[in-house]
Amino acid sequence: MKRRNPFRLGLRRLRKPTPKAIYRFRRRVKRLRVYLELYTFPSEAPHSPALSRLFRRAGKLRQAYLHEEWVRLHAPEWRKAVKKEIRYRKRRFSKLYRKSVEDIRGVLAEWRKRFPPPWKEKESLVMWEKQGQSWIQVHKATLRQFPSPPYTTKQLHELRTLIRKWELATVWVDLLERPPAELSTLLGEARDLYLLQKWLTQKGSKKPLLDSIRHELLRKESQAIALWQSWRASLG
């Protein structure tokens, strides 16, 4: 288990919301959420509306950056439109950041006192490991009960969220079992393609470009579902 500081979100770096800063912030928020979920299990984890809003807005900016990467390689005629989208998303993100950053820092300070890292005390660490094992059993049952295909786009997103929680739990607890690494990657890539397709459709892109994205999207989803079904069978 890595001895990370779960409350270090890199807020200062968000003054300049670069692709790297946004990516790291979102990843750290996801890790923090799982940490709190493990800590408070079986009770409900604490929630910060301000942090959730900033996280969602960071996600919008993250998608615009990903659109720019794809457009640069495959559809340069859309570079002007995607750059405009990035400027718009950056303004909205920075405005919310300035408004909420101090509130978020206050929440993190409160959580740091209420949920201190347990790995400083041997006795606490033993309890933490037991807590993690109990959490994973419940989480595993949730995955077993997940509906069978065919899936909607929303369901695939929900599935990836559940799988990512398991993956992130391994940051905080030594779990012998873990999902196949390619599974959340495939689901994430499919999600990104879906959002790209949606954006280009709204912008009035021509059918051949949309069809090529749709073909790749379906291929990723098919691979992910096959891997999921195979791994799911091993869950017992």
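Here the structure is a predicted model, which means the values were calculated and not measured.

A.B. asks: What am I meant to see in the packing of helix α5 (residues 153-172) against helix α6 (residues 181-203) here?
C.D. replies: The relative placement of two packed helices is expressed as an angle between their axes plus a distance between the axes. Following both chains from N to C, one finds α5 and α6 inclined at 140 degrees, their axes separated by 9 Å at the closest point. Relative to α6, the crossing made by α5 is left-handed. Note on element contacts: α6 touches α5 through Ala181, Leu183, Ser184, Leu187, Gly188, Arg191 and Tyr194, opposite Thr153, Leu156, His157, Leu159, Arg160, Ile163, Arg164 and Glu167. Residue composition of the contact of α5 with α6, grouped by class: 7 nonpolar, 4 polar and 4 charged.

A.B. asks: Is there a simple way to think about the nonpolar core in this case?
C.D. replies: Nonpolar side chains in soluble globular proteins tend to end up buried together. Of all hydrophobic cores here, the largest spans 57 residues; its most connected members are Leu14, Phe25, Leu32, Tyr35, Leu143 and Trp172. Broken down by secondary-structure element, the contributors of at least two residues to this core are α1 (19-40), α2 (49-74), α3 (79-114), α4 (122-144), α5, α6 and α7 (207-234). Residues within four places of leucine 14 in sequence aside, it is in contact with Ala21, Ile22, Phe25, Leu54, Phe93 and Tyr97. Leu193, Leu196, Trp199 and Ile213 belong to the second-largest nonpolar core, a separate cluster that totals 14 residues.

A.B. asks: When you look at the environment of glycine 188 in this model, what are you seeing that I'm missing?
C.D. replies: Here glycine 188 lies in helix α6. Judged by its relative accessible area of 8%, glycine 188 falls in the buried class. A C-alpha to C-alpha distance of 9.6 Å links glycine 188 and alanine 224, two positions 36 residues apart in sequence.

A.B. asks: Just to check I follow, could you spell out the pattern of salt bridges for this structure?
C.D. replies: For side chains bearing opposite charge, pairing can occur when the charged atoms are close. Tallied over the full model, the rule gives 11 salt bridges. For lysine 83, the salt bridge is made with glutamate 68, and the minimal N-O distance between the two is 3.1 Å. A residue pair is termed long-range when its members are at least 10 positions apart, and lysine 83 in helix α3 and glutamate 68 in helix α2 qualify at 15 residues. The class of lysine 83 is partly exposed, set by a relative accessible area of 36%. Overlapping salt bridges, with partners in common, bring together Glu189, Glu216, Arg219 and Lys220 in one network.

Conventions used here
Residues numbered from 1 in each chain as written. Predicted model: local features only at pLDDT ≥ 70, side-chain atom pairs only at ≥ 80, totals over all residues. Heavy atoms only, no water. Axes fitted to C-alpha atoms, helices over the stretch in contact; angles between N-to-C directions. Helix = DSSP H or I, 4+ residues; strand = E, 2+ residues; numbered from the N terminus. Left-handed = near helix turned anticlockwise from the far one by under 90°. Contact = heavy atoms within 4.5 Å. Nonpolar A, V, L, I, M, F, W, Y, C, P; charged D, E, K, R; others polar. Core = buried A, V, L, I, M, F, W, Y, C linked by side-chain atoms within 4.5 Å. Buried < 20%, exposed > 50% of the residue type's maximum accessible area, 1.4 Å probe, protein only. Salt bridge = Lys/Arg side-chain N within 4 Å of Asp/Glu carboxyl O.

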